[in-house]
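# Chains, contacts and geometry: an overview
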Amino acid sequence: MTNDKTPVSVIGVGRLGAALAAAFLANGHPTTVWNRSPEKAAPLAAKGATVAGSVAEAVAASPLVLTVVLDHAAARALLEPAVGDLRGRTLLNVSSSTPDDIRKLAEWVTGHGADYLDAAVMAVPQAIGTLDAQVLYSGSAKAFERYGTELEILGTTRYLAADPGVAELFSMGLLSAAYGTLFGYMHGAALLDSANVKPTEFLGLAVQWLNGMLAFLPALSKEIEAKDYTGGDSSLEINLHALRYIETASHDAGVDPGFVLPTLKLVRRRLEVAKPTHSVAGVFETMLGRS
Ligand SMILES: NC(=O)c1ccc[n+]([C@@H]2O[C@H](COP(=O)([O-])OP(=O)(O)OC[C@H]3O[C@@H](n4cnc5c(N)ncnc54)[C@H](OP(=O)(O)O)[C@@H]3O)[C@@H](O)[C@H]2O)c1
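This text gives an overview of the structure that appears in the document.

The rules we used
- Within each chain, residues carry numbers counting from 1 in the order of the written sequence.
- Reporting of local features is limited, given that this is a predicted model, to residues whose pLDDT is at least 70; pairs of side-chain atoms are given and counted only at 80 or more, and all residues count toward the totals for whole chains, interfaces and linings.
- Heavy atoms from the whole structure form the basis of all side-chain values; hydrogens and water molecules are not counted.
- Each pair of strands is called paired provided DSSP finds at least two bridges between the two strands.
- Comment: elements are numbered from the N terminus, with helices defined as DSSP H or I runs of at least four residues and strands as E runs of at least two.
- A pair of Phe, Tyr and Trp rings is counted when the ring centres sit within 6.5 Å of each other, with Trp represented by its six-membered ring. The angle between the planes then sorts it: under 30 degrees is stacked, over 60 is edge-to-face, the rest tilted.
- Each residue is placed in one exposure class: buried if its accessible area under a 1.4 Å probe, protein chains only, is under 20% of its type's maximum, exposed if it is over 50%, and partly exposed if it falls in between.
- Here a polar contact is recorded for every N or O atom pair within 3.5 Å, except that within protein the pair must consist of a potential hydrogen donor and a potential acceptor, and residues adjacent in sequence are included only if both atoms are side-chain atoms.
- If you view a crossover with the strands going away from you and the path from the first strand over the helix to the second runs clockwise, you call it right-handed.

### Let's talk about the sheet that holds strand β1 (residues 8–11)
Strand order in this open sheet of eight strands is β3-β2-β1-β4-β5-β6-β7-β8, and the pairing throughout is mixed. Looking at strand neighbours, the two that pair on one side only are β3 (50–51) and β8 (156–161), the edges of this open sheet. Sheet topology note: the strand β6 (residues 115–122)/strand β7 (residues 134–139) ladder contains six bridges and is antiparallel. Directly across from aspartate 118, in β7, lies its bridge partner serine 138.

### Section: the packing of aromatic side chains
In the structure shown here, the tally under the stated rule is four aromatic pairs. Between tyrosine 137 and phenylalanine 144 the ring centres are 5.4 Å apart and the planes differ by 50°, which places this aromatic pair in the tilted class. Relative accessible area serves as the criterion here: at 0%, tyrosine 137 is assigned to the buried category. With a relative accessible area of 17%, phenylalanine 144 lands in the buried category. Residues tyrosine 185 and phenylalanine 202 carry aromatic rings whose centres are separated by 5.3 Å and whose planes lie at 10° to one another, so their mutual orientation is stacked. Placement of the pair is tyrosine 185 in helix α9 (residues 166–193) and phenylalanine 202 in helix α10 (residues 199–214), with a sequence separation of 17 residues.

### Things to note about the environment of serine 194
Structurally, serine 194 is set in the loop between α9 and α10. Note on serine 194: relative accessible area 42%, which makes it partly exposed. Separated by 59 residues in sequence, serine 194 and alanine 253 place their C-alpha atoms 5.8 Å apart. At 2.5 Å, the side chain of serine 194 forms a polar contact with the backbone oxygen of leucine 191.

### Focus on the pairing of strand β5 (residues 90–93)
Across the two faces of β5 the burial is the same, with Thr90 and Leu92 and Leu91 and Asn93 all buried. Pairing of β5 with β6 involves four bridges; the strand directions are parallel. When the sheet's bridge partners are listed, leucine 92 is paired in β6 with leucine 117. Assessed by its sense of winding, the connection that carries the chain from β5 through helix α6 (residues 99–111) to β6 is right-handed.

### Details of the pairing of strand β2 (residues 31–34)
Along β2, one buried face is formed by Thr31 and Val33 and the opposite face, lined by Thr32 and Trp34, is buried too. Two strands pair when backbone bridges link them, and β1 and β2 are joined in this way by four bridges, in the parallel orientation. The partner of valine 8 across the bridge, within β2, is threonine 31. In the classification by handedness, the crossover that spans β1, the intervening helix α1 (residues 15–26) and the parallel β2 is right-handed. Relative to β3, β2 runs parallel, the two sharing two bridges. Across the sheet, the residue bridging to threonine 32 is threonine 50, located in β3.

Below, the structure is given as structure tokens:
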């Protein structure tokens, strides 16, 4: 029986790499795997994967090579001895790193004659292979088009930019927004804990409130893009008061105010150059170091 599906190699089969390799196997792609700790490759071998004896062997086995390890440095260190085999192939790096480190990795890879594509996986490994797995791509548009069918196996694909660092930049923007929400929720739950209110009692109102806040994002984005902070629904003054109340209430309740302090600092810095009645959205300029 012949298989005309693109061979794929996955270097690094920890939690995420194993899920990606399993998705390719489930869709009939000849799949070669390599992992620093060889025992992690065994369950994939049982599903039909070929276990490479070295990184170079894994690279040579497929035109599409994935690196799914700790970070850019681990990926590069693994690929160094196999760099001669990279020419003419596509490296799809799924390992997270900062955008600048990803750009340096991409430059090194393309300098050795390979196409570079970066993937930021906005999903847990269990979601891989379903449309719930959002996978963001940046780097070679040619490679993204060539391997479109293969990439669709992994989840919902979105190509963002030729700049290879942009997928990670989106990932970090989304994570930053998520951290603000989740840690803010925990701070609120800690405040309520001081009055013996359980998180599950706080939850319903918090979800309703946060959904309302999300509806505020389009107006906030418009204000920022127009760079007009004279209007808006929420003034610097009002937010300064609210944040100071939260700081004081935290101290009074014996709760660490650490979560709100950086935001309070940003609002105070903005107030050094903007009127108290101006919109709180102007803090965006302070974040960019423009004020
Ligand atoms: N899991 C997720 O939900 C998720 C989602 C999005 C992005 N990511 C990113 O995907 C990457 C892998 O995550 P994971 O969840 O699969 O982590 P994991 O389960 O901890 O696996 C880490 C993998 O990296 C390998 N590794 C680590 N350091 C290495 C080194 N110095 N040299 C060679 N191999 C090394 C490990 O090899 P050993 O088995 O030998 O230790 C293993 O294969 C990370 O960059 C992570 O940020 C993960």
